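Take a look at the letters that make up each chain.
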Amino acid sequence: MDKKIKILLIEDDKIEILKFNRAISSILQKHIITQANNGKEALSLLEKGLPNIILLDLNMPDTNGIEFLTILKSDDKLKHIPTIVLTTSDNDKDISECYRLGIAGYVLKPLKYQDYEKKISTVLAYWSLNEFKK
């Protein structure tokens, strides 16, 4: 029996949340999704339990993605959690800063839903093959 992967989705855009949930609806039984609207809320959720992976938007109110990453990667209890940035920002400074902070991947949200669904499925399939199944 497969172990369910715990995913923390940090996203403030309601349409993006609906799109994400729709994209993974066919594979939802394999994953447990927790959602936070910003980095501050996500940090509070992390105190209650750790996910296997984090999917992070960069552009959010309160604590944005880069601020969240800075806090996450400087915390010895949290820095090991693979974090994948899922964003519309193709800004070279954002990409460089995220990798410098220690992200596991940077995925640009495509405009076409079918392309978005493929990218999400690919990311989750990759992490499903990882050590979480042990």
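Owing to the predicted nature of the structure, the values given are computational and were not obtained by experimental measurement.

Please explain the environment of Ser 121 as it appears in this structure.
Take Ser 121: it is sitting in helix α5 (residues 113–128). Each C-alpha atom of the pair Ser 121 and Ile 33 lies 14 Å from the other, and the pair is 88 residues apart in sequence.

In this structure, what is going on with the environment of Ile 103? I would like to understand it.
In this fold, Ile 103 is placed in the loop between α4 (92–101) and β5 (105–108). The exposure class assigned to Ile 103 is buried, which follows from its relative accessible area of 9%. In this structure, the C-alpha to C-alpha distance between Ile 103 and Phe 20, residues 83 residues apart in sequence, is 20 Å. Sequence-distant contacts of Ile 103, defined by excluding residues within four places in its chain, comprise Leu 69, Thr 83, Val 85 and Cys 98.

Where do I start with the pattern of salt bridges in this structure?
If charged atoms from side chains of opposite charge come close, those side chains can pair. Counted under the stated rule, the structure contains six salt bridges. With its nearest N and O atoms 3.3 Å apart, the salt bridge here joins Glu 16 to Lys 19. Of this pair, Glu 16 and Lys 19 both sit in helix α1 (residues 14–24), three residues apart, which is roughly one turn of the helix. You can call Lys 19 buried: its relative accessible area is 17%. A salt bridge links Lys 109 to Glu 16; the shortest N-O distance between them is 3.7 Å. Highlighted residues: Lys 109 in the loop between β5 and α5 and Glu 16 in helix α1, separated in sequence by 93 residues. A relative accessible area of 11% places Lys 109 in the buried class. Look at the salt bridges and you will find they share partners, linking Glu 11, Glu 16, Lys 19, Asp 57 and Lys 109 into a network.

Definitions and cut-offs
Residues numbered from 1 in each chain as written. Predicted model: local features only at pLDDT ≥ 70, side-chain atom pairs only at ≥ 80, totals over all residues. Heavy atoms only, no water. Helix = DSSP H or I, 4+ residues; strand = E, 2+ residues; numbered from the N terminus. Buried < 20%, exposed > 50% of the residue type's maximum accessible area, 1.4 Å probe, protein only. Contact = heavy atoms within 4.5 Å. Salt bridge = Lys/Arg side-chain N within 4 Å of Asp/Glu carboxyl O.

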